[in-house]
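# Examination of the molecular architecture
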Amino acid sequence: KKFVNLTIPQLTCVIAPQKHKYIKMGRGGGKTTILGYHMRELVRQMPKASFAMPCSTFSQALSRTLPSAIEGLEMFNLFQDVDFVVGKSGKKFGYEMPYQPPNQWDNIIHFPNGAIFQLVSQDNERTGRGLNSYAEAGDEAALFDPERLFVTVKTTNRAQKEVFKKCSLLGSEFYISSAPITKKGKWFNDMEKVSIANPNE
């Protein structure tokens, strides 16, 4: 067994019951750990489901999002090319296929139980076209354009399966980031007001 010690802020993020989480943490606060935990929970709860993972650009995806996701998953004993594959289908390794397999796999993280994360780049709307996701999760959210996020990701978070109706993370939103340093990230700060107005959600 491996024990992962969480800080109080990390533990707060993990046990919070709300379906929509917008988490602002300082640098070094452990965002990667929380991202890995949340990804693992999505995969565990919903086998063969598709999840949207937005990124501002594919360059950001390759330099920040993927490395953070991979490192976070490793903290919970999920290792690349053993417990998941990146940029390809794991079918030849005996992986289950998702309910809706993608046409291209170059922007996919594929897990043995058929669950996938699809990287959706805001600089290329085609990457999210046709996606029906069961949840969404994003890192460095302060870099996202809120209007593009709505068009490319939030409108896809609509998939439903009877088998998942009791899953606490079905239809969930999970965004984590350090504090915004430009006006572009104002929307992320504004989510604090939304959360105060709707604490149960």
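Okay, so let's go over this structure. (Residues numbered from 1 in each chain as written. Predicted model: local features only at pLDDT ≥ 70, side-chain atom pairs only at ≥ 80, totals over all residues. Heavy atoms only, no water.)

### What about the side chain of Ser-133?
Defined as follows: Helix numbering and strand numbering both begin at the N terminus, where a helix is a DSSP run of H or I of at least 4 residues and a strand a DSSP run of E of at least 2. Accessible area is worked out with a 1.4 Å probe on protein chains only. A residue is then buried under 20% of its type maximum, exposed over 50%, and partly exposed in between. Counting of polar contacts relies on pairs of N or O atoms within 3.5 Å, with two restrictions inside protein: one atom must be capable of donating a hydrogen and the other of accepting it, and residues adjacent in sequence are counted only when both atoms are side-chain atoms. We call two residues in contact when some of their heavy atoms are within 4.5 Å.
Tracing the chain through its elements places Ser-133 in the loop between strand 5 (116-121) and strand 6 (135-139). Under the relative-accessibility criterion, Ser-133 is labelled buried at 0%. From its side chain, Ser-133 meets the backbone nitrogen of Asn-157 in a polar contact 3.4 Å long. Those residues within four positions of Ser-133 in sequence are excluded, and the remaining contacts are Ser-50, Phe-51, Ala-52, Thr-156, Asn-157, Arg-158 and Ala-159.

### So, the environment of Gly-29
Among the structural elements, Gly-29 can be located in the loop between strand 1 (20-24) and helix 2 (31-45). A sequence separation of 90 residues divides Gly-29 from Leu-119, and the C-alpha atoms of the two residues are 24 Å apart. Every residue in contact with Gly-29, bar those within four places of it in the chain, is listed here: Thr-7 and Gln-10.

### Looking at the side chain of Asn-107
Topologically, Asn-107 is positioned in the loop between strand 3 (85-86) and strand 4 (108-110). Separated by 2.9 Å, the side chain of Asn-107 and the backbone oxygen of Leu-119 make a polar contact.

### Brief notes about the pattern of salt bridges
Stated precisely, the cut-off is as follows: We define a salt bridge as a contact between a side-chain nitrogen of Lys or Arg and a carboxyl oxygen of Asp or Glu at a distance within 4 Å.
Under the counting rule described, the total for this entry stands at six salt bridges. Of the charged contacts in the structure, one is a salt bridge between Arg-44 and Glu-41, with a shortest N-O distance of 2.8 Å. One end of the pair, Arg-44, and the other, Glu-41, are both in helix 2, three residues apart, so they sit about a helical turn from each other. Relative accessible area serves as the criterion here: at 53%, Arg-44 is assigned to the exposed category. Among the salt bridges present, the one from Glu-173 reaches Lys-154, with a minimum N-O distance of 3.1 Å. One end of the pair, Glu-173, is in strand 7 (residues 173-177); the other, Lys-154, is in the loop between helix 4 (146-152) and strand 7, and 19 residues separate them in sequence.

### Some thoughts on the packing of helix 1 (residues 8-15) against helix 2
Test applied: Here the axes come from fitting lines to C-alpha atoms, over the contacting stretch only for helices, and the angles between their N-to-C directions go from 0 to 180 degrees. Here the angle decides the label: under 35 degrees means roughly parallel, over 145 means roughly antiparallel, 65 to 115 means roughly perpendicular, and every other value means oblique. Crossings are classed by handedness, with left-handed meaning an anticlockwise turn of the near helix from the far one by less than a right angle and right-handed meaning a clockwise turn. Throughout this entry, Asp, Glu, Lys and Arg are counted as charged residues, while Ala, Val, Leu, Ile, Met, Phe, Trp, Tyr, Cys and Pro are counted as nonpolar. The remaining residues, Gly among them, count as polar.
As a packed pair, helix 1 and helix 2 sit with axes 10 Å apart at the nearest point and diverge in direction by 25°. Taken together, the axis directions place helix 1 and helix 2 in an arrangement best described as roughly parallel. In this structure, helix 1 crosses over helix 2, and the sense of that crossing is right-handed. Packed against helix 1, whose contacting residues are Gln-10, Cys-13 and Val-14, the element helix 2 presents Thr-33, Ile-34 and Tyr-37 at the interface. When the residues that make up the contact of helix 1 with helix 2 are grouped by side-chain class, the tally is four nonpolar, two polar and no charged.

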